[in-house]
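# An overview of the molecular structure
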Amino acid sequence: MDEDFAAFYRDAYPGAVRLAWLLTHDHATAEDVVQDAFVRLRPRFDEVAHRAAYLRTAIVNGCRDRARSAGRADAGWRRLRVVTEVTSTDKPSELLDAVGHLPYKQRAVLVLRYWADLREGEIAEIVGVRPATVRSITARALERLRKELPDEH
Amino acid sequence: MSTDLEQRLREALHEDAERARLLNPNGPPSFDVAPLVVEHRRRRGLRLVAVAAVIALIALVGALTMLEDEQSVDTVPVTPVPSTVVTGSDCSFGVSGDPVAMQPGPVDPAAPRFDTEPGQGVAHTTIGSQVVEVRVPGFLLHEPDGWRMEDIDLARGPAKVWLDGPASGQANKPFVQVRYFPGSAEPCSSFTVTVDGGSEAENRQTAIDFAERIVLPAGLEPGGAGAEGAGIGELELADTHWTFIETSVGAVESVMDFGATTVEWDTGCERLGASYELDLDDGSLILTNVANVSGTCGPPTTFGSTEHYPVIDAVLREGRVPIKLADGRLYLGDHPDGDYVVLGPSGPSEEEGADPLVLPEPGEQPADPAVAEEQVRAAFLRLGDTSIPAEERAASSERPGVWLDAAHAVTSTQYWDIIQGIREQVDEVVFVSPTRAAVRFQLVSEDPIVPRDHIGEAVLVDGRWRMAIATSCELFSLTGVSCDMSL
């Protein structure tokens, strides 16, 4: 089991951290949530049928729980620091800033859809809503982005 | 096909993801036989993280439809509809305007001022030092001669004010009474509003003001004849959000969102959109240019089937859709005889930034709130106690047959062992009416994928408080199990 789990960890870890980063924009929190998720998955590793989904769900909700514990119910990201890798135009940062200001569930749905490329049913199970609600959340989140970024269509 | 925004979003997120700091960029640490050692910070309580199934309830469908003046801008500002509804008799009635705490029955049951007729709706409330008692149909005065009567005009029509009602009742106070008897054969078409506790002038004014707020039973039904305060006369749909509560073929899981001129809804497997107009004269919602917005209806995916609700397609299609508003709910289609859907307003939602765990404001209380709360708590705890056979727990559900069928199905899912390890805890109960309550509860589990905090609903059925089937079905649905509402 340990070798299997270690192999799973090696494969899944980078994506897990990136997912947690996208949801929190806090390196320490992201790492902590991910490690916590792996630790809790390990005892159930052989029982869980969809390990990747389990892990993603644990991460999505771990990030949300962290935000709530910090007293930020609609926790947006901390302000993005300017990163030298950002392209010369400001638009990517503006867009990410706008995403960071979305309510957590909207942000999570967008990340799972447009970064993780998950299907609505998968997103629904991870976020804990119905597929219809995933579509509704997506539509509202995109609408919100359009309003905040008038140049976006 | 992705829009430009979606494509840019995809690119931006992929680029941003590369900024994540990987603790072990060259590879994870090797694992020993011993469990992975990770330094944990102290955390408050259990860190529960949600799973792709098990239990995650947010929707407050029933409870949220009881939100009255406390509703957010997402809901429909329609007046007048009753903010308070008194049920429990043949003549349920409503009170429009600010919610009022109506207590069922006469002011003093031990010494009622008037005899209660069979099926008569009776309720009372206190406004400052004054006591207001409403009866539908109205109190029959068999010997009106000799009393001072005043003719008045209410908004609904002519009425009389009985100014010198004699000292009576337990408090032995005189009263003023507004008497509305339109001469209709409808059994619940009249009412009386009796007020005491103030001067005659004060009682008169209070009685008339309250009489204007009475919504008779016909006004509580969708499209009822002579509907008072119902209907879509002042309906504003722009920027409102709705949840499907029921349809002509049972419960569905869907949402409907109105913009200024466009509307989108979900059919279970895809999101459709259309332009809309309201024809207030005709009572129609006119839909044009219905088109797919997102999603695809097709064969089941790996993560459960893609539900499709043909009844939604049958009701929401190009052309005129009959629309009615009653008791805060939208009725679309041919209700009650044909294809129809019923929508309740979606309250403040987490995706909009609101705290989804905020309970609604209290409304009219049940007759004995302490007993009622005890029953609510017991029902929730019992339904969640998997150590008790499901057959014995089902009675705590609003729809025992529906619940039992779904509960059996859940035992076959991969999440059953997780569910068995959950302990339920009821934190708070808020009664929004004598027959409905919002309940905040926790699901406590050692498993990190169980979301902890929830809000559900309890309803009074056959004199006993039970968990609303909508609450149960929300929970079941996230294990992939659907409720069969036909049972």
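This text goes with the structure placed above it.
Residues numbered from 1 in each chain as written. Chains lettered and ligands numbered in written order. Predicted model: local features only at pLDDT ≥ 70, side-chain atom pairs only at ≥ 80, totals over all residues. Heavy atoms only, no water.

Take the sheet that holds strand β3 (residues 103–104) of chain B next. Residues and elements named next belong to chain B. Sheet architecture is open: seven strands sit in the order β3-β4-β5-β9-β8-β7-β6, paired in antiparallel fashion. At either margin of the open sheet sits one strand with a lone partner, and together these are β3 and β6 (149–154). Across six bridges, β6 lies against strand β7 (residues 157–168) in antiparallel orientation. Along β7, the bridge assignment pairs D153 with P158. Each of β4 (121–127), β5 (130–136), β6, β7, β8 (173–180) and β9 (191–196) is contacted by helix α3 (residues 200–213), which is oriented at about 150 degrees to β9, the strand it contacts most. (Pairing = 2+ DSSP bridges. Helix = DSSP H or I, 4+ residues; strand = E, 2+ residues; numbered from the N terminus. Contact = heavy atoms within 4.5 Å. Axes fitted to C-alpha atoms, helices over the stretch in contact; angles between N-to-C directions.)

All names here are of chain A. Inspection of the secondary structure puts R42 in the loop between α2 (27–41) and α3 (51–69). Its relative accessible area of 6% is what places R42 among the buried residues. Remark: the alpha-carbon pair of R42 and A6, spanning 36 residues in sequence, is separated by 9.7 Å. (Buried < 20%, exposed > 50% of the residue type's maximum accessible area, 1.4 Å probe, protein only.)

With that settled, the discussion passes to the packing of helix α7 (residues 131–148) of chain A against helix α1 (residues 4–17) of chain B. Where α7(A) meets α1(B), the axes come as close as 11 Å, and the angle between the chain directions of the two elements is 95 degrees. Between α7(A) and α1(B), the crossing angle belongs to the class labelled roughly perpendicular. Contact residues: α7(A) offers L142(A), L145(A) and R146(A), while α1(B) offers L5(B), E6(B) and L9(B). Counted by class, the contact of α7(A) with α1(B) contains four nonpolar, no polar and two charged residues. (Parallel < 35°, antiparallel > 145°, perpendicular 65-115°, else oblique. Nonpolar A, V, L, I, M, F, W, Y, C, P; charged D, E, K, R; others polar.)

Let us now look at the sheet that holds strand β13 (residues 262–266) of chain B. Strands sit in the order β11-β12-β13-β14-β15-β16-β17-β18 (chain B) around a closed barrel of eight strands; the barrel is antiparallel. Neighbour-to-neighbour, the strand axes of the sheet open up by a mean angle of 35 degrees, direction not taken into account. Looking at chain direction, strand β12 (residues 255–258) of chain B and β13(B) are connected through three bridges and run antiparallel. Paired with M256(B) across the strands is W265(B), a residue of β13(B). Across the sheet, α7(A) touches β11 (240–247), β12, β13, β14 (270–279) and β15 (284–295) of chain B, and the angle it forms with β12(B) is around 20 degrees.

Moving on, we get to the state of the cysteines. Residue and element names in this part refer to chain B. For the structure shown, the criterion picks out one disulfide over all chains. In this model C91 forms its disulfide with C188; the gap between the sulfur atoms is 2.0 Å. An S-S torsion of about -70 degrees defines the bridge between C91 and C188 as left-handed. Of the two residues, C91 sits in the loop between β1 (82–86) and β2 (93–96) while C188 sits in the loop between β8 and β9, which places them 97 residues apart along the sequence. You can call C188 buried: its relative accessible area is 15%. (Disulfide = S-S within 2.5 Å.)

Bringing unusual backbone geometry into the picture now. With an omega of -5 degrees, the peptide bond between V136(B) and P137(B) qualifies as cis. Here P137(B) lies in the loop between β5 and β6. The backbone of H25(A) sits at a positive phi, close to 55 degrees, despite the residue not being glycine. By the secondary structure assignment, H25(A) is in the loop between α1 (2–24) and α2. Phi at D117(A) takes a positive value of approximately 55 degrees, unusual for a residue other than glycine. Tracing the chain through its elements places D117(A) in the loop between α5 (104–114) and α6 (120–127). Of the residues examined, D117(A) reaches a relative accessible area of 45% and is grouped as partly exposed.

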